[in-house]
Amino acid sequence: MSNYVMGTGPYLLAGFLTYLVFRAVIWLLYYKGEMRVPILHEAGFALLAFLFLALFASSVSPALGFSLKPDWKTISFIPVKGSIDLVKSQGIGALFGAVARFIPFGFLIPLLFRRYQRFFKVLFLCGGVSFIIEVFQIFLTGVTASLDEFLLSLAGIFLGYFLFGIVRIYFREIERMGTVKRSRRRDVPFIVKKELEFLVVLLFAAVMATGTRMEVQRVKEEKAARAELEKKQEEERRAAQEAEEARIAEEEAKKLKVSDQMPELSLEAGTACLFSLDDDMILYEKNGTERVVPASTAKLLTALTVLKYCGADEVLTAGEEISLISQGASTASLKTGMRGSVRTFLGAMLIPSGNDAAYSLANYTGHKILGDENASTADAVAAFVEAMNAYGAELELEDSNFVTPDGDQADNQYTTARDMVRIAKACMGNETIMEIVKGKSFRALFENADITYQNSNQLVRPGDTYYYEGAVGLKTGSVDDAKCLVGALEADGRRYVAAVMQDTDEGRYKDMKILFDHVTGGGSETPETEGEGGEEE
């Protein structure tokens, strides 16, 4: 019942203006006809107008969802069933409310109008209004038409009229107080005779007009909201498409470009890759994406990671971490307590392939990464290896994982020839590393020792069997019988890097010469004299 009254809010202005204009016309006719209008009649008429407005607003307004196509499936012709459904869905109060809505009409109409003091006239008027409402509700999508509602409205009319009869018996004066007293000297205009009927029609029209306006506005807002939603969805779809295209473009950008004309070269290596830095392109590849063990070539990424966090002139001291190397591994002959610069330790790691130097650098850098000088060696080395892999991700390595800073054989440690080329590219851009790896030897000036290391990479050792003019690095590697070599070449103003993996000891140099010869057009003559050897790893 509260919803029935509160629902008139949007229609009050239109209803009030309609009532005001109509009542002004009636009052003018009252005045001309010399009629006397009791205050009770005026108040009752206003209340009756509000009740009709509320009834139409809650029952027939197009704002409830109007459709030109009637929905016959929502009509309930079975008596009692509609009442049962109403009680189940809204409770017993809804049933009493359906009756109570029409009680005021059954009471006020005969009270205010003498010609409606017979029950059948009240029943005909109010029942007709209820019937029209039920018929109109067939076209409303938000309302269900029901025979029971019509019957309940008749019950409410009867109860209201019955109440009027009781009041009239005990208070006969109320009839005189509620009706208009007409002059015997003048005729009553037709509009005054039918003022109630005109009021019903005008309020019905006011509700229909207001409801139609509201429904049109709702449809416009729904269309606008739908258009906005579709626009937003289209923008999201387009943004997602652009993001996907950007992702694909980014993924493509990460991939190394490959030459369309790949030469046929005969290499012993299981995997190999030759890359031109100037063309930013792979010139030759053999199983370049196949996983292999990195061995000591991993020290190139170790060197890059160290220089990301440390300055070349920083000083560190070899400690217990040098005992972490495996038995038989290549070393730089470090002793606990030896102090030197980062550059000195890098030389000790890259030139003789010192695993002990690799762990000293990893331990020192790992403590810096953790920001905790009291951290254990194990934690520091673990932090460094994590940083190695993170730096590898920055270099866009596709399929590599590093477990130790020295590249010694370990479970789940692997790389590819393509990824080693990416690491080599980064090394070529690092002045500190290139100054170290291109020399035949390296003089390590520790604070308490002066050691000269011979480069394990024969490509850069003049006089050696596999010396190659223009070679500027980079690093050898060895795990059991699997040898590898990452080389760098500067020739004719152009720069190249290459990786040969899963090779033999001599095969890696022969294969590197084949790759370098391919880009230089023949390369240098290889001396037959045996040069200085250096322990390789």
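None of these values were measured; they are calculated from a predicted model.

### Some words on the overall build of the protein chain
Item 1. When its secondary structure is counted, the protein chain shows 18 helices and ten strands.
Item 2. When contacts within the protein chain are restricted to residue pairs at least 6 apart in sequence, those whose partners lie at least 24 apart make up 69%.
Item 3. When the accessible surface of the protein chain is summed, it comes to about 26,900 Å², and 56% of that surface belongs to carbon and sulfur atoms.

### Observations regarding a positive patch on the surface
Item 1. The grouping of Arg114, Arg118, Lys121, Arg182, Lys193 and Lys194 at the surface amounts to a positive patch.
Item 2. Of note, Lys194 is situated in the loop between helix H10 (190–193) and helix H11 (195–254).
Item 3. Relative accessible area serves as the criterion here: at 32%, Lys194 is assigned to the partly exposed category.

### Some details on the confidence of the model for the protein chain
Item 1. When pLDDT is averaged along the protein chain, the result is 88; 90% of the residues meet or exceed 70.
Item 2. Taken element by element, the predicted model of the protein chain shows its lowest mean pLDDT in helix H1 (residues 2–6) (58) and its highest in helix H12 (residues 299–309) (98).
Item 3. A low-confidence stretch, residues 524–536 stays under pLDDT 50, and its non-local contacts, those more than four residues away or across chains, total 30 contacts.

### Let's talk about the side chain of Thr210
Item 1. Along the chain, Thr210 falls in helix H11.
Item 2. Owing to a relative accessible area of 6%, Thr210 belongs among the buried residues under this scheme.
Item 3. For Thr210, the side chain forms a polar contact with the main-chain oxygen of Ala206, separated by 2.9 Å.
Item 4. Ignoring sequence-local partners within four residues, the contact set of Thr210 consists of Pro10, Tyr11 and Ala14.

### Thoughts on the packing of helix H6 (residues 103–112) against helix H8 (residues 147–170)
Item 1. Relative to each other, H6 and H8 sit at 45°, their axes nearing to 6 Å. With respect to H8, the axis of H6 lies oblique. Note on packing geometry: the crossing formed by H6 with H8 is right-handed. Facing Ile103, Gly106, Phe107, Pro110 and Leu111 of H6, the residues of H8 in contact are Gly156, Ile157, Leu159, Gly160, Tyr161, Leu163, Phe164 and Val167.
Item 2. For the contact of H6 with H8, the class distribution of residues is ten nonpolar, three polar and no charged.

### Concerning the pairing of strand E3 (residues 281–286)
Item 1. The sheet contact formed by strand E1 (residues 257–258) and E3 spans two bridges and is parallel. Paired with Val258 across the strands is Ile282, a residue of E3.
Item 2. In this structure, the hairpin formed by strand E2 (residues 271–276) and E3 is closed by a connection of four residues, where Asp280 is found at a positive phi of approximately 50°.

### Here's the deal with unusual backbone geometry
Item 1. Note that the residue after Gly473, namely Leu474, is joined by a cis bond; omega there is 20°.
Item 2. With respect to the secondary-structure elements, Leu474 resides in strand E8 (residues 471–479).
Item 3. Even without being glycine, Asn287 reaches a positive phi, approximately 50°.
Item 4. Tracing the backbone through its elements, the reader meets Asn287 in the loop between E3 and H12.
Item 5. Relative accessible area serves as the criterion here: at 42%, Asn287 is assigned to the partly exposed category.
Item 6. Phi is positive for Ser353, which is not a glycine, with a value near 60°.
Item 7. Relative to the elements of secondary structure, Ser353 occurs in the loop between helix H13 (342–350) and helix H14 (355–370).

### Focus on the nonpolar core
Item 1. With 62 residues, the main nonpolar core has Leu346, Ile423, Tyr453 and Leu474 as its most contacted residues.
Item 2. Here the element with the most residues in this core is helix H16 (residues 417–428); it accounts for seven residues.
Item 3. Ranked by size, the runner-up nonpolar core spans 47 residues in total, among them Ala49, Phe52, Ile109 and Ile157.

### Comments concerning the pattern of salt bridges
Item 1. Under the criterion given, the structure shown has 23 salt bridges.
Item 2. Glu42 is the partner of Arg23 in a salt bridge, and the nearest nitrogen-oxygen pair spans 2.9 Å. Taken together, the positions of Arg23 in helix H2 (residues 12–32) and Glu42 in helix H3 (residues 39–59) put the pair 19 residues apart, joining distant regions of the chain.
Item 3. Residue class for Glu42 comes out buried when judged on its relative accessible area of 19%.
Item 4. Between Arg494 and Asp279 there is a salt bridge; the shortest N-O distance is 2.6 Å. Of this pair, Arg494 sits in strand E10 (residues 494–503) while Asp279 sits in the loop between E2 and E3, and the two are 215 residues apart along the sequence.
Item 5. Using a relative accessible area of 28% as the deciding quantity, one classes Arg494 as partly exposed.

Rules used throughout
- Residues numbered from 1 in each chain as written.
- Predicted model: local features only at pLDDT ≥ 70, side-chain atom pairs only at ≥ 80, totals over all residues.
- Heavy atoms only, no water.
- Helix = DSSP H or I, 4+ residues; strand = E, 2+ residues; numbered from the N terminus.
- Contact = heavy atoms within 4.5 Å.
- Areas by Shrake-Rupley, 256 points an atom, 1.4 Å probe, with all protein chains shown as cover.
- Patch = residues over 30% accessible without salt bridge, like charges linked within 9 Å, V, L, I, M, F, W, Y side chains within 5 Å.
- Salt bridge = Lys/Arg side-chain N within 4 Å of Asp/Glu carboxyl O.
- Lys, Arg positive; Asp, Glu negative; His and termini not counted.
- Charge placed at Lys NZ, Arg CZ, Asp CG, Glu CD.
- Buried < 20%, exposed > 50% of the residue type's maximum accessible area, 1.4 Å probe, protein only.
- pLDDT = per-residue confidence, 0-100.
- Polar contact = N/O pair within 3.5 Å; in protein donor to acceptor, adjacent residues only side chain to side chain.
- Axes fitted to C-alpha atoms, helices over the stretch in contact; angles between N-to-C directions.
- Parallel < 35°, antiparallel > 145°, perpendicular 65-115°, else oblique.
- Left-handed = near helix turned anticlockwise from the far one by under 90°.
- Nonpolar A, V, L, I, M, F, W, Y, C, P; charged D, E, K, R; others polar.
- Pairing = 2+ DSSP bridges.
- Core = buried A, V, L, I, M, F, W, Y, C linked by side-chain atoms within 4.5 Å.

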